[in-house]
Each structure stands twice: as structure tokens, then as C-alpha cells.
Amino acid sequence: MKFFVDTADVDAIRELNDLGFVDGVTTNPSLIKKSGRDILEVTKEICDMVDGPVSAEVVALDYDSMVIEGRKLATIADNVVIKLPLTLDGLKACKTLSGEGHQINVTLCFSVNQAILAAKAGATFISPFVGRLDDINLDGLELIEDIRTVYDNYGFETEILAASIRSVNHISDCAKIGADVITAPPAVIKAMANHILTDKGLAQFVKDAEDAGIKIV
Ligand code: E4P
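Residues numbered from 1 in each chain as written. Predicted model: local features only at pLDDT ≥ 70, side-chain atom pairs only at ≥ 80, totals over all residues.

## As for the UniProt feature "active site" (unreviewed entry) in the protein
Heads up, the rule is: UniProt positions are given in the numbering used here, feature names are shortened, and annotations may be inferred rather than shown by experiment. Secondary structure elements follow DSSP: runs of H or I of four or more residues count as helices, runs of E of two or more count as strands, with numbering from the N terminus. The contact criterion used here is simple: two residues whose C-beta atoms, placed from the backbone, lie within 7 Å are in contact.
The positions UniProt marks with the feature "active site" (unreviewed entry) are K83. Checked against the element boundaries, K83 lands in strand 4 (residues 80–85). Excluding residues within four positions of it along the chain, K83 makes contact with S55, A56, E57, V58, N105 and T107.

## What about the packing of helix 4 (residues 63–74) against helix 5 (residues 88–99)?
For clarity, the threshold we go by: To obtain each axis, a line is fitted to C-alpha atoms, and for helices this fit is confined to the stretch in contact; angles are then taken between N-to-C directions over 0 to 180 degrees. Convention used here: angles under 35 degrees read as roughly parallel, angles over 145 as roughly antiparallel, angles from 65 to 115 as roughly perpendicular, and any remaining angle as oblique. Here is the rule for handedness: rotate from the far helix to the near one, and if that takes an anticlockwise turn smaller than a right angle the crossing is left-handed, while a clockwise turn gives right-handed. In this count, Pro and Cys sit with the nonpolar residues alongside Ala, Val, Leu, Ile, Met, Phe, Trp and Tyr, while Asp, Glu, Lys and Arg are called charged and the others, Gly among them, polar.
Two numbers describe how helix 4 lies on helix 5: the axes approach to 9 Å, and their chain directions differ by 45 degrees. Between helix 4 and helix 5, the crossing angle belongs to the class labelled oblique. The interaxial crossing formed by helix 4 with helix 5 has right-handed handedness. Within the contact between the two elements, helix 4 uses Y63, M66, V67 and G70 and helix 5 uses D89, G90, K92, A93, T96 and L97. For the contact of helix 4 with helix 5, the class distribution of residues is five nonpolar, three polar and two charged.

## Side note on the site of the ligand
What counts here: Each residue gets a C-beta atom placed from its backbone. If that atom is within 6 Å of a molecule or strand, the residue is near it.
Around the ligand sit D6, T26, N28, T107, S127, F129, G131, R132, A163, S164 and T183, and those are all the residues in its vicinity. Its residues placed into classes, the shell around the ligand shows two nonpolar, seven polar and two charged.

## Details of helix 6 (residues 112–120)
Condition: Exposure is read from a count of other C-beta atoms within 10 Å of each residue's own; the residue is exposed at 12 or fewer, buried at 20 or more and partly exposed in between. C-beta atoms are placed from the backbone. The arc under discussion is defined with respect to the helix axis, by the directions toward the C-beta atoms.
Buried within helix 6 we find A115, A118 and A119. Summarising the axial view, the buried residues of helix 6 lie within an arc of 100 degrees, below the 170-degree limit, and thus occupy one face. Buried positions along helix 6 lie against helix 5, strand 5 (103–109), strand 6 (125–128) and helix 8 (140–154). At the C-terminal side of helix 6, G122 shows a positive phi close to 95 degrees.

## Let's talk about the environment of A77
Examined against the element boundaries, A77 turns out to sit in the loop between helix 4 and strand 4. A77 gets classed as partly exposed once you count the C-beta atoms within 10 Å, which come to 16. For the pair A77 and V54, spaced 23 residues apart in sequence, the C-alpha separation works out to 9.2 Å.

## Focus on the pairing of strand 5
Rules: By definition, two strands form a pair when at least two bridges between them are found by DSSP. By the criterion used throughout, a crossover qualifies as right-handed when its path from the first strand across the helix to the second strand runs clockwise, the strands pointing away from the viewer.
Counted residue by residue, strand 5 has five buried out of seven residues, so it is predominantly covered. Relative to strand 5, strand 4 runs parallel, the two being bridged by five bridges. The residue bridging I82 from the neighbouring strand is I104, located in strand 5. With helix 5 bridging strand 4 and the parallel strand 5, this β-α-β connection has right-handed handedness. Pairing geometry for strand 5 and strand 6, over three bridges, is parallel. Residue pairing for strand 6: V106 is matched across the bridge by I126. The β-α-β motif built from strand 5, the intervening helix 6 and the parallel element strand 6 has right-handed crossover chirality.

## Describing the sheet that holds strand 5
In spatial order, the strands read 1-2-3-4-5-6-7-8; together these eight strands close into a barrel with parallel pairing. Put simply, the sheet's adjacent strands are angled 30 degrees from each other on average, direction ignored. With two bridges joining them, strand 6 and strand 7 (residues 159–162) adopt parallel strand pairing. Counted as the bridge partner of F125 is E159 from strand 7.

## Observations regarding the environment of Q103
By the secondary structure assignment, Q103 is in strand 5. Residue Q103 is classed as partly exposed on the basis of its 19 C-beta neighbours within 10 Å. When the C-alpha positions of Q103 and I177 are compared, they lie 24 Å apart, and in sequence the two are 74 residues distant.

Below, the structure is given as C-alpha cells:
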């Protein structure tokens, strides 16, 4: 399973990259806004830092403008993935831009049918949003499971990039289902290291080491 970091915060990406946890990065207009940076500039900085795919999202809504924006984003670096919304115009742009050899991440996927169309349009990645489905009392993980089944039934090569990940349980559940990639905020990825029994056990070891005067160096 590949780990993408869902942020445009370069310091947070660097910290996780130094730990070897970063296989790629995803951004969106909301994350770019949060960073307070220019999209072209911050995407270039991320692409230079990370070896893997870096998704940068278009902001246009019509096919012609999406293709122009996608081509521009692709000039930033070889590892840019053009992120397109799951609309008919977005799918048409996906078909055109993937045909030109660009990597495409089709985003804002909320159904199996949308995922099928993205695969047929040549998407490299499909991004089903787990957390946003959970937010409206639907089952985001069930969608990941269903897309996995359908893609495997027909041998679609589009990678399932589980997005809108909100908890460590989302990550382990996506791993069990067989999502190809998860993208999560830095805090959620770091929280994977936590366990209450680790903290408890370590506190006891520290106390016993002090009591026994154990010194190694
Ligand atoms: C995915 O590519 C999106 O950037 C992201 O995962 C959305 O997450 P959110 O629903 O927490 O905003």
C-alpha cells in the first residue's frame, strides 16, 4: 500500500518524507488556500522534494479550460499528476490528457459508477472520498470495497486512492480492503504510531531503568 500525504504544507511533507513515509502527495484548492502559497510555486517545491506522484488540481469547470490548465500544471515537473473533478467535462479532459501521456487523478468520486467511468477515461488514480461519505451517514469504506471488487472483476488498472481519510482506523481498514493508495493528513499518518499500551509499557521501562540505575552510554 502506498502512502500519499494530503497537504500543501511543505514542512509537514518534509518531516514525513524524512521518515520514509511519503510515496506521493495530494493537494486540492482548499489545501493550497490553507498554505497561503501560489499553486505553481508550492507544487514545484513539493515535486522537487518528493520522488513520487504529486497531484495538483485544476480549478476550471469546462473541458477546454481544464485541458489548458492541466497542460500548464504538467509543465511544473515530471511527477505532477493532473487532478480533475468527476464531471463529464472532467472525464473528457481525463481522456484527452491521459491520451497525451499525462498521469491523471480523478477526484470527488462518491459512487462505483463514477469510478467505472474514470477507469474507462484512462485515469491513473480514482479518489473516492471516504470521510465525506461517512459525514452524511453513508459508508465510505463500503465504497472502497465495492470499487475494489468491480475493478478486479474487469481488470481495470486505475489505482484506488482512498481519500478524505480522517482516522487511523480508516487507514487500516483501507489496507485490509486492498486500496492501492491512501492519502491522509500528516497528523493522521503520525497518529498511526500511537498505542496506549506502548506509552504504558515505556513508562514502566523508564521507571525501572531509573530504579536500577541502568546506563548504556
Ligand atoms: C483528496 O485528494 C482530497 O484532497 C482530500 O482527501 C479531501 O479530504 P477532506 O474530505 O478531509 O477535505
